[in-house]
Amino acid sequence: MDTIFKTFMGIVLLFMVTLSGTGLIAAAIDAKHADTYAASVVTNIEESHFSSVVMQQAILQAQQYGYDITYQSFDNDRDQMIDLVEVSLNYEYKIPFLCQKGVMHTLKAYAR
């Protein structure tokens, strides 16, 4: 009887560890996708020479992916031209099995 209980508990614990590991891997993949998207937004902004149209398109596309993007522009040499744009991408970090939902993470990237 004792062996059956230990075997059952071992299987249950193995199942819980497997689900937790799967949740952590899924969360890491979601974070990597958000990072890749932020990098592509920065590349598009740099290639368009800080076009406001491109920035607005990126905001609309990010909403389709479930992200929220905000921009902050900087004019370092005060020549009325944008020299740097800080891109902040907010995304939800979730691990379903551990009930970790609704935690917002922010990625920051800079277009020069």
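Please read all numbers here as calculations on a predicted model, not as lab measurements.

## Things to note about the overall build of the chain
Across its full length, the chain carries 2 helices and 3 strands. Reading the chain from its N end, one meets helices and strands in the order α-α-β-β-β. Dimensions of the chain, computed from C-alpha atoms along their principal axes, come out at roughly 80 × 25 × 20 Å. Going through the 112 residues of the chain one by one, you find that 26% of them count as buried. Across the chain, the fraction of contacts at a sequence separation of at least 24, relative to all contacts at a separation of at least 6, is 45%. For the chain, the accessible area works out to roughly 7,900 Å², and carbon and sulfur atoms hold 61% of it. In the chain, which carries 7 positive and 12 negative side-chain charges, the distance between the mean positions of the two groups comes to 11 Å.

## A look at a nonpolar patch on the surface
Among the surface-exposed residues, Phe5, Phe8 and Met9 lie close enough to one another that they form a single nonpolar patch of about 320 Å² accessible area. By the element assignment, Phe8 lies in helix α1 (residues 2-47).

Parameters and conventions
- Residues numbered from 1 in each chain as written.
- Predicted model: local features only at pLDDT ≥ 70, side-chain atom pairs only at ≥ 80, totals over all residues.
- Heavy atoms only, no water.
- Helix = DSSP H or I, 4+ residues; strand = E, 2+ residues; numbered from the N terminus.
- Buried < 20%, exposed > 50% of the residue type's maximum accessible area, 1.4 Å probe, protein only.
- Contact = heavy atoms within 4.5 Å.
- Areas by Shrake-Rupley, 256 points an atom, 1.4 Å probe, with all protein chains shown as cover.
- Lys, Arg positive; Asp, Glu negative; His and termini not counted.
- Charge placed at Lys NZ, Arg CZ, Asp CG, Glu CD.
- Patch = residues over 30% accessible without salt bridge, like charges linked within 9 Å, V, L, I, M, F, W, Y side chains within 5 Å.
- Salt bridge = Lys/Arg side-chain N within 4 Å of Asp/Glu carboxyl O.

Spatial relationships are all this shows, so hold off on functional conclusions.
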